[in-house]
Amino acid sequence: MPGGVPMSWMVKWPGAYPVYVASANGAKFTDVDGNSYIDFCLGDTGSMTGHSPAATVAAIREQAGNGITVMLPTADAAIVSRELTNRFGLPLWQFTVSATDANRHVIRYSRLLTGRSKIVVIDRCYHGSVDETFATLDDAGDTVAREGNIGAPVDPALTTRVVEFNDLVGMEAALAKGDVAAILMEPAMTNVGIVLPNEGYLDAVAALAKKYGTLLIIDETHTISVGTGGMTKFHNLKPDFLTIGKAIGGGIPTGTFGMTQEIADAIKAKVELEIIDTGGIGGTLAGNALSLASMRATLTQVLTEENFSHMIKLGTSWSDGVDSVISEFNLPWHCSRLGARGEYLFAGSAPVTGRQAADAGDFELEQYIHLRLLNDGFLLTPFHNMALMCPDTTQADVDAHTAAFRAMCKDLVEA
Ligand SMILES: Cc1ncc(COP(=O)(O)O)c(C=O)c1O
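Everything numeric here is computed off the predicted structure, so don't read it as measured data.

Focus on the overall build of the chain
Logical step 1: Within the chain one finds 13 helices and 16 strands.
Logical step 2: Scaling as 2.2 N^0.38, a compact globule of 415 residues should have a C-alpha radius of gyration of about 22 Å, and the chain matches this with 21 Å.
Logical step 3: The dimensions of the chain, computed from C-alpha atoms along their principal axes, are 65 × 60 × 40 Å.
Logical step 4: For the chain, the residues scored as buried account for 53% of the 415 residues in total.
Logical step 5: Total accessible area on the chain is roughly 18,000 Å²; 55% of this is exposed by carbon and sulfur atoms.
Logical step 6: A gap of 5 Å separates the mean positions of the 29 positive and 47 negative side-chain charges of the chain.

Here we look at the sheet that holds strand β5 (residues 118–122)
Logical step 1: Reading across from one edge, β4-β12-β11-β10-β9-β5-β8 is the order of the seven strands in this open sheet, with mixed pairing throughout. For this open sheet the edge positions go to β4 (92–96) and β8 (160–163), each flanked by a neighbour on one side alone. The sheet shows a mean angle of 20 degrees between the axes of neighbouring strands, direction not considered.
Logical step 2: Looking at chain direction, strand β11 (residues 241–245) and strand β12 (residues 255–259) are connected through five bridges and run antiparallel.

Some words on the pattern of salt bridges
Logical step 1: With the rule as written, the count across this model stands at 17 salt bridges.
Logical step 2: For R372, the salt bridge goes to D411, with nearest N and O atoms at 2.8 Å. Here R372 is found in helix α12 (residues 363–375), whereas its partner D411 is found in helix α13 (residues 395–414), with 39 residues between them in sequence.
Logical step 3: Looking at R372, the relative accessible area reads 19%, which means it is buried.
Logical step 4: Taken together, the salt bridges that share partners define one network made up of D320, D323 and R337.

Let's talk about the side chain of D39
Logical step 1: Within the secondary structure layout, D39 lies in strand β3 (residues 36–39).
Logical step 2: With no salt bridge to any partner, buried D39 finds its closest opposite charge in K28, at an N-O distance of 11 Å.
Logical step 3: Here H51 takes part through its side chain, which lies 2.7 Å from a polar atom of the side chain of D39.
Logical step 4: Once you skip the residues sitting within four places of it in the chain, D39 turns out to touch A27, K28, F29, H51, L379 and L388.

With respect to the packing of aromatic side chains
Logical step 1: By the definition in use, this model includes 14 aromatic pairs.
Logical step 2: Ring centres of Y344 and F346 lie 6.5 Å apart, and the angle between their planes is 65 degrees; on these two criteria the pair is classed as edge-to-face. Like F346, Y344 is buried.
Logical step 3: Aromatic ring contacts, followed pair by pair, group F40, W318, W333, Y344, F346, F378 and F405 into a single cluster.

Overview of the packing of helix α5 (residues 168–176) against helix α6 (residues 201–211)
Logical step 1: Relative orientation of the contacting elements α5 and α6 amounts to 15 degrees, with a least axis distance of 10 Å. Regarding the angle of α5 to α6, the classification is roughly parallel. Crossing of α5 over α6 shows right-handed handedness. Taken together, the residues of α6 that come into contact with α5 (itself represented by L168, M171, E172 and L175) are Y201, A204, V205, L208, A209 and K211.

Comments concerning the side chain of D31
Logical step 1: Relative to the helices and strands, D31 resides in strand β2 (residues 28–31).
Logical step 2: Buried within the structure, D31 lacks any salt-bridge partner; its nearest side chain of opposite charge belongs to K28, at an N-O separation of 15 Å.
Logical step 3: Engagement of the side chain of D31 in a polar contact is seen with the backbone nitrogen of D33, the distance being 2.9 Å.
Logical step 4: Residues in contact with D31, not counting those within four places in the same chain, are V19, Y20, V21, A22 and Y37.

Concerning the nonpolar core
Logical step 1: Ranked by internal contacts, the top residues of the largest apolar core, which has 53 residues, are M171, I183, M185 and F241.
Logical step 2: Top element by residues in this core is strand β9 (residues 180–185). It accounts for six residues.
Logical step 3: With residues up to four places along the chain from it excluded, the contact list for M171 reads V120, I122, V163, I183, Y201, V205 and L208.
Logical step 4: A77, I248, W318 and A340 belong to the second-largest nonpolar core, a separate cluster that totals 49 residues.

The rules behind the values
Residues numbered from 1 in each chain as written. Predicted model: local features only at pLDDT ≥ 70, side-chain atom pairs only at ≥ 80, totals over all residues. Heavy atoms only, no water. Helix = DSSP H or I, 4+ residues; strand = E, 2+ residues; numbered from the N terminus. Rg over C-alpha atoms; globule rule 2.2 N^0.38 Å. Buried < 20%, exposed > 50% of the residue type's maximum accessible area, 1.4 Å probe, protein only. Areas by Shrake-Rupley, 256 points an atom, 1.4 Å probe, with all protein chains shown as cover. Lys, Arg positive; Asp, Glu negative; His and termini not counted. Charge placed at Lys NZ, Arg CZ, Asp CG, Glu CD. Pairing = 2+ DSSP bridges. Axes fitted to C-alpha atoms, helices over the stretch in contact; angles between N-to-C directions. Salt bridge = Lys/Arg side-chain N within 4 Å of Asp/Glu carboxyl O. Polar contact = N/O pair within 3.5 Å; in protein donor to acceptor, adjacent residues only side chain to side chain. Contact = heavy atoms within 4.5 Å. Phe/Tyr/Trp six-rings, centres within 6.5 Å; stacked < 30°, edge-to-face > 60°. Parallel < 35°, antiparallel > 145°, perpendicular 65-115°, else oblique. Left-handed = near helix turned anticlockwise from the far one by under 90°. Core = buried A, V, L, I, M, F, W, Y, C linked by side-chain atoms within 4.5 Å.

Next up, the structure:
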């Protein structure tokens, strides 16, 4: 394996080599040397349920003995679809292997339905390895390839228009040309630090989408941290499509997209049965029986209101702990909160745009913080300073982090 890792970006973990895991349960894991850690990364949300939640494992065990993938629906598919409707409001659902796939598919459908070429994304967004999203704004406000974008099939300016988060003037300008098929966005940014929407921003984006005949895709993959129905339920959003993956499978690869009845009818009218399998929407293992069994158990028994209230309480407590240290040492840092998630940046106030959040990053300092906390027995996501709580996280875990974070900040200030 190049770099000694099964996927290239895993070399980003701090230190000469990543920790190799022997076992993971609940909010903790043990490495192959026998060291144990409190896990605030939780598979970057893939294990927001805690590692190997009992109900999900029981469902997986049962399904594994009864057919893992058959390319036919199982009864769980209907149960999971109903559960997703109850949470997010959209009546119809399709299943994929990942959130990335869900985003790719709804982009294709949006182009099909509108006959338009462009996708609007938010500057510094992340929606998986989706070509249209690896674009950014240059200093002149033009859409250009994002740094690190390798092997782009075409110049991203041909497929994409980038807009700053919380910028309604920019959004209207991007839509006004009438060539935008869809807006793909997280309702709060979570992949460049946390950036929260201004009051009324999400409703105004929805209104602009409607005004210019553009479809609205809300990606709830990370923002489900605010509660069972994510920010869509919280803000009563009415997107045309909703995408999500990661946590809803309890760690088993899966993704899904929801749509309105109107969208489903329009797709049906445009897609021919004979060639439905070669249109760019697919995945042999999409909707496999194992992933649906794990989603059924995870949604109905693990990602529950009760568990969310525990996780959100601890998320608040984690951020309170970080804030108390920031103010004790008078650091020019800011901690943002998103339900069960907290994250600090190296700027004194909350960012309003992705650009501001990116400018408040410091890769070298982050590498130090991640390595130091790892040595102290805590895992944060390798990408930024984000922590997530699961149903098994305890107040003692949070307090231990606050103490370690305080000791680290004290050393940093003294150094
Ligand atoms: C908001 C969002 N959408 C989609 C994805 C893609 O998820 P996956 O890599 O599981 O396909 C991610 C991954 O970090 C994400 O943060």
